[in-house]
Amino acid sequence: MRMTDNKRLLSVSEVSRLTGISVRTLRYYDEIGLLPPTAATEAGYRLYDEASLRRLQIILIYRELQFPLREIALLLSGDEENMIAALERQIQLLQKERTHLDNLITLAQGIKALGVNNLDFSEFDVKKIDEYEEQAKASWGTTDAYKEYERKSAGRTPEDNRALVAGMTGIIAELGELRTLQPSDSRVQAAVQKLQDYITEHYYTCTDEILLSLGSMYSGGGSFQHNIDKVAGEGTAEFISRAIGIHCGGGSAQ
């Protein structure tokens, strides 16, 4: 550490040790004008003050948020309003990526629970969606929930629908794996909450009242119960129904 004009200055190697950023990266940041040094020694070695370290901290935060270096440079040279707007856009993008990753994790959990060879989507094939849509429209076509479903499903491709069905199947498979536990178990209730959140995000706002209605359908002896039990194991539909009842107020979904 050096003293110049009563300021404490760090060498490039000292900044590297302090921050974990390589010397090569710090030199590159200087070359592109992103993080110029505060001063230089007579021998040409870069020196950095506390203001430079604060700027570097901001750069590293933006890098963690996946901003390109060129955009970081523009943001640092602009005003605070532009920085906030850019952050909001990046947060929205990262939230979408997180949702995509969450869906992939859910599907992977379903595959893990059932095994690749046993994971059968045939009973939840997209061909069934038209049938279920007709049933739903007949029962709830005038409700706000169904109108929300129509808005969210508008423009979806068959591939989109397959991905959503796969995600739902993964959650059901996870609940099937947990059916040896009590329906009130925290792990079971967390999976029920995941199911409710998934429906809300991709289909319609799944209130407790709607979730209870779905639970009754799942265990009502019809195609839903048959399909769930075939995919996730005998008794899963009834187990999910009881778990939903507890989740929505301590009772039964039936």
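Look up a bit, the structure's there.
A. Seen up close, the overall build of the protein. Within the protein, the regular secondary structure consists of 12 helices and four strands. Split into buried and exposed, the 254 residues of the protein put 37% on the buried side. Considering only intrachain contacts with a sequence separation of at least 6, the fraction spanning at least 24 residues in the protein is 57%. Roughly 15,100 Å² of accessible area belongs to the protein as shown, and the carbon and sulfur atoms make up 51% of that amount.

B. Expanded view of the nonpolar core. If you look at the biggest cluster of nonpolar residues, it comprises 28 residues, and the most contacted ones within it are Met168, Leu175, Ile199, Tyr203, Tyr218, Ile240 and Ile244. At the level of elements, α8 (158-177), α9 (186-202), α10 (208-218), α11 (223-232) and α12 (236-247) are the ones that each hand at least two residues to this core. A total of six residues in this core trace back to one element, the largest contributor, which is α9. Leaving out residues up to four positions away in the same chain, Met168 has contacts with Leu195, Tyr198, Ile199 and Tyr203. If you look at the next biggest cluster of nonpolar residues, it comprises 19 residues, including Val15, Ile21, Leu35 and Phe67.

C. View of the packing of α10 against α12. Look at α10 against α12: their axes get within 8 Å of each other, and the N-to-C directions meet at 160°. On the basis of the axis angle, α10 is roughly antiparallel to α12. Remark: the crossing between α10 and α12 carries left-handed chirality. Of the residues in α12, those touching α10 at Leu211, Leu212, Gly215, Ser216 and Tyr218 are Ala237, Ile240, Ser241, Ile244, Gly245 and His247. For the contact of α10 with α12, the class distribution of residues is six nonpolar, five polar and no charged.

Analysis parameters
- Residues numbered from 1 in each chain as written.
- Predicted model: local features only at pLDDT ≥ 70, side-chain atom pairs only at ≥ 80, totals over all residues.
- Heavy atoms only, no water.
- Helix = DSSP H or I, 4+ residues; strand = E, 2+ residues; numbered from the N terminus.
- Buried < 20%, exposed > 50% of the residue type's maximum accessible area, 1.4 Å probe, protein only.
- Contact = heavy atoms within 4.5 Å.
- Areas by Shrake-Rupley, 256 points an atom, 1.4 Å probe, with all protein chains shown as cover.
- Core = buried A, V, L, I, M, F, W, Y, C linked by side-chain atoms within 4.5 Å.
- Axes fitted to C-alpha atoms, helices over the stretch in contact; angles between N-to-C directions.
- Parallel < 35°, antiparallel > 145°, perpendicular 65-115°, else oblique.
- Left-handed = near helix turned anticlockwise from the far one by under 90°.
- Nonpolar A, V, L, I, M, F, W, Y, C, P; charged D, E, K, R; others polar.

This is a description of form; function is not addressed.
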